[in-house]
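Residues per chain, in single letters:
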Amino acid sequence: MSSFDVGGSTLDVSWFLLLAAILFTLGTIGVLVRRNPLVILICIELMLNAVNLTLIAFSRQLQNIDGQLFALMSMTVAAAEAVVGLAILVDIFRVRDVEDVDDLSEMSG
Amino acid sequence: MAAVIFFVAAALAVIGGIGVIISRQPIRSVLSLVVVMIALSVEFLLLSAQFIFVVQIIVYAGAVMVLFLFVIALLGPARELGRGRLRFQSWLSLLFVAVFFGLIYAMFQGITYRQPDKADLSVFGTVQSIAVGLFTNYLYPFELTSILLLVAAIGAVYLSRRDLR
């Protein structure tokens with residue numbers, strides 16, 4: 001019940017979901033392990049993309065366009081997030097060089 | 001044929017994702033992410049999401065990634081040198097992420113799909129069908145995203161002012 005036909009061959013939705021899970025996990029590893037703030041932002045983009053793949057896979061499985069519309073909205077939010085995050089980052093780098101996010105601890109009091 | 005395309009694109013996406021997290025230089029992470037985005041756009045095409053496919057390439061692989069490249073060009077190549085102060089956390093986080101992946105995987109195994117809506121698949125995911133959804137059922141969220149983008153643009157301009165302090 002979870003498969004559908006594309007161009008003569010049968011694809012299974014669970015393959016797409018598994019790919020999305022792998023990509024999301026890779027993004028999580030990046031956010032947790034990497035220390036460069038820029039790379040952390042990049043890994044967040046990777047996670048958002050994996051979620052978009054999940055939305056579109058379910059949209060195709062249920063033959064309901066709402067999932068694609070939600071993916072479109074999430075792309076907009078991701079673009080806004082990237083813009084503001086990078087602006088904050090440029091602002092921080094203007095004051096000093098940060099090569100480890102653990103150095104940015106001024107707000108911890 | 002479609003299955004072959006799926007697996008090639010999936011392999012590219014996973015390789016790109018690994019490249020994102022193991023590259024020492026941020027610019028290589030960004031270029032790996034472009035590979036992931038383009039591979040994912042192929043997957044979107046397999047899921048008959050033509051419009052999202054185009055948007056993915058233009059907005060994500062085009063605009064957002066170029067933004068990242070500009071910022072890297074502006075800040076210079078900040079490499080990750082040496083070891084972090086919280087080295088043990090890396091290994092701990094890998095353990096947690098493995099458990100996390102197991103949870104997601106177990107969750108996907110338990111999915112029961114409801115009956116599909118029997119949409120007309122010949123127009124599914126085209127610009128027209130997206131627009132009909134966007135301008136009827138989801139007009140209010142669609143207008144709200146314009147406010148969101150405006151706020152983000154104003155915030156970015158404000159944050160990058162020179163005479164802030």
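Residues numbered from 1 in each chain as written. Chains lettered and ligands numbered in written order. Predicted model: local features only at pLDDT ≥ 70, side-chain atom pairs only at ≥ 80, totals over all residues.

**Details of the interface of chain B and chain A**
Bring the parts together and some accessible area is lost; that lost area is often taken as the interface size.
Here's step 1: Taken together, the contact between chain B and chain A spans 73 residues of the former and 66 residues of the latter.
Here's step 2: For the side of chain B that touches chain A, the leading source of residues is helix α3 (residues 50-75) of chain B, giving 11 residues.
Here's step 3: Among the residues making up the side of chain B that touches chain A, the classes are represented as 55 nonpolar, 12 polar and six charged. (Contact = placed C-beta atoms within 7 Å. Helix = DSSP H or I, 4+ residues; strand = E, 2+ residues; numbered from the N terminus. Nonpolar A, V, L, I, M, F, W, Y, C, P; charged D, E, K, R; others polar.)

**Describing unusual backbone geometry**
Here's step 1: Even without being a glycine, Q63 of chain A presents a positive backbone phi close to 50°.
Here's step 2: Residue Q63 of chain A is classed as partly exposed on the basis of its 17 C-beta neighbours within 10 Å.
Here's step 3: The backbone phi angle of S48 of chain B is positive, close to 50°, even though this residue is not glycine.
Here's step 4: Within the secondary structure, S48 of chain B sits in the loop between α2 (26-46) and α3.
Here's step 5: On the basis of neighbour counts, which here come to 21 C-beta atoms within 10 Å, the residue S48 of chain B falls in the buried class. (Buried ≥ 20, exposed ≤ 12 C-beta atoms within 10 Å, placed from the backbone.)

**Looking at the nonpolar core**
Here's step 1: Ranked by size, the top nonpolar core spans 64 residues in total, and within it A20, I42, L46 and I56 of chain A together with I52 of chain B carry the most contacts.
Here's step 2: Per-element tally for this core: the top contributor is helix α2 (residues 37-62) of chain A, with 13 residues.
Here's step 3: Split by domain, this core shows at least three residues from each of two domains, domain 1 (1-77) and domain 2 (123-165) of chain B.
Here's step 4: With residues up to four places along the chain from it excluded, the contact list for I56 of chain A reads G67, Q68 and A71 of chain A together with F44, L47, A49 and I52 of chain B. (Core = buried A, V, L, I, M, F, W, Y, C linked by C-beta atoms within 7 Å. Domains from an automatic or database assignment.)

**Comments concerning the environment of I42 of chain A**
Here's step 1: The residue I42 of chain A is located in helix α2 in this model.
Here's step 2: Accessibility expressed as a C-beta count within 10 Å gives 26 for I42 of chain A, which makes it buried.
Here's step 3: The sequence separation of I42 of chain A and V77 of chain A amounts to 35 residues, and the corresponding C-alpha distance is 15 Å.
Here's step 4: With sequence-adjacent residues up to four places away left out, I42 of chain A is seen in contact with V20, S29, V30, L33 and F68 of chain B.

**Quick word on the packing of helix α3 (residues 66-95) of chain A against helix α6 (residues 139-159) of chain B**
Here's step 1: In contact at an axis separation of 9 Å, α3 of chain A and α6 of chain B are set at 10° when each is read in the N-to-C sense. Between α3 of chain A and α6 of chain B, the interaxial angle falls into the category roughly parallel. Packed against α3 of chain A, whose contacting residues are M73, T76, V77, A80, V83, V84, A87, I88 and D91 of chain A, the element α6 of chain B presents P141, T145, L148, L149, A152, G155, A156 and L159 of chain B at the interface.
Here's step 2: Partitioned by chemical class, the residues of the contact of α3 of chain A with α6 of chain B number 13 nonpolar, three polar and one charged. (Axes fitted to C-alpha atoms, helices over the stretch in contact; angles between N-to-C directions. Parallel < 35°, antiparallel > 145°, perpendicular 65-115°, else oblique.)

**With respect to the domain arrangement of chain B**
Residue and element names in this part refer to chain B.
Here's step 1: One can read the domain layout of chain B as domain 1 (1-77) and domain 2 (123-165).
Here's step 2: If you average the C-alpha positions of domain 1 and of domain 2, the two centres end up 22 Å apart.
Here's step 3: Each side of the interface is counted separately: domain 1 has four residues, and domain 2 has five residues.
Here's step 4: Looking at side-chain class alone, the side of domain 1 that touches domain 2 contains two nonpolar, two polar and no charged residues.

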